[in-house]
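# Structure at a glance
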Amino acid sequence: MLRLCSRSSFALSRSLARPRRHISSTSRLFADPWPLPHTPEHMASTMTPSDVAPPTPLPRPNEHVDTLRARLVYQSRKRGTLESDLLLSTFARDHLSGMSEVELMEYDKLLDEPDWDIYYWATSKRSPPERWAESPLLERLRIHARNEGKVVRKMPPL
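Here's a quick rundown of the structure. (Residues numbered from 1 in each chain as written. Predicted model: local features only at pLDDT ≥ 70, side-chain atom pairs only at ≥ 80, totals over all residues. Heavy atoms only, no water.)

### Considering helix H7 (residues 115-122)
Here H7 lies mainly inside the structure; 8 of its 8 residues are buried. Those residues of H7 not exposed but buried are Asp115, Trp116, Asp117, Ile118, Tyr119, Tyr120, Trp121 and Ala122. Packing partners of the buried residues in H7 comprise helix H3 (40-45), helix H5 (82-95), helix H6 (101-111), helix H8 (130-133) and helix H9 (136-146). Phi turns positive one or two residues past the end of H7, at serine 124, with a value near 60°. (Buried < 20%, exposed > 50% of the residue type's maximum accessible area, 1.4 Å probe, protein only. Helix = DSSP H or I, 4+ residues; strand = E, 2+ residues; numbered from the N terminus. Contact = heavy atoms within 4.5 Å.)

Have a look at this one:
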């Protein structure tokens, strides 16, 4: 038989019929899974250990300068994080056409570094390792990242 009850008593009886789940109150469950850039949590989670050797680039013998430039434009745009994509793709659009082959090779080595390292070096939130500390290319990227002209930047077309 079905007994008619008021709505509140029906809800109460329904909640009592199911066993209650106990939710853990550990800090891990309350931690933000996607901390915002420049927060201490993000800075700590994206830190590349100092004992990790720099990546070895793929050998590309006899790559023509135009092919190199086109590859760097593509690699600047398709990084994996929106922040790095925007920063590096606009830098590539503005500066790659005027770079010499030696500068293009240096930029190629820079793109082999982890995305968040490049981003934090360019925004001066972390100091770069010795191999990039005195790089004029990284200094140009820092000037570009400062955006002193307050230019509204968007992803350039492919």
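### Some points on the environment of aspartate 108
Looking at the secondary structure, you find aspartate 108 in helix H6. Taking the relative accessible area as the measure of exposure, aspartate 108 reaches 10% and is therefore buried. Ignoring anything within four residues of it in the chain, the contact list for aspartate 108 reads Arg60, Leu68, Arg71, Leu72 and Gln75.

### Focus: the nonpolar core
Judged by nonpolar contacts, the single largest core of 23 residues is most densely connected at Leu72, Leu96, Tyr107, Leu110 and Leu141. Elements represented by at least two residues in this core include exactly helix H4 (65-77), H5, H6, H7 and H9. In terms of residue count, the dominant contributor to this core is H7 (6 residues). Not counting residues within four places of it along the chain, the set of residues in contact with leucine 96 comprises Arg69, Leu72, Val73, Phe91, Leu104 and Tyr107. (Core = buried A, V, L, I, M, F, W, Y, C linked by side-chain atoms within 4.5 Å.)

### Overview of the packing of aromatic side chains
This model, assessed by the stated rule, comprises 4 aromatic pairs. Ring geometry for phenylalanine 91 and tyrosine 107: centres 5.7 Å apart, planes at 40°, overall tilted. One end of the pair, phenylalanine 91, is in helix H5; the other, tyrosine 107, is in helix H6, with 16 residues separating them in the sequence. Relative accessible area serves as the criterion here: at 0%, tyrosine 107 is assigned to the buried category. Look at tryptophan 116 and tyrosine 119: their rings are 5.4 Å apart centre to centre, the planes differ by 90°, and that puts the pair in the edge-to-face class. Of this pair, tryptophan 116 and tyrosine 119 are both found in helix H7, 3 residues apart, which corresponds to roughly one turn of the helix. The class for tryptophan 116 is buried, based on a relative accessible area of 18%. A residue is classified by how much of its surface remains accessible, and tyrosine 119, at 13% relative accessible area, is buried. One aromatic cluster is present, built from ring pairs that chain together Trp116, Tyr119 and Tyr120. (Phe/Tyr/Trp six-rings, centres within 6.5 Å; stacked < 30°, edge-to-face > 60°.)

### What about the side chain of serine 76?
The residue serine 76 is located in helix H4 in this model. Separated by 2.7 Å, the side chain of serine 76 and the backbone oxygen of leucine 72 make a polar contact. Ignoring anything within four residues of it in the chain, the contact list for serine 76 reads Ser84, Asp85, Leu88, Ser89, Ala92, Tyr107 and Leu111. (Polar contact = N/O pair within 3.5 Å; in protein donor to acceptor, adjacent residues only side chain to side chain.)

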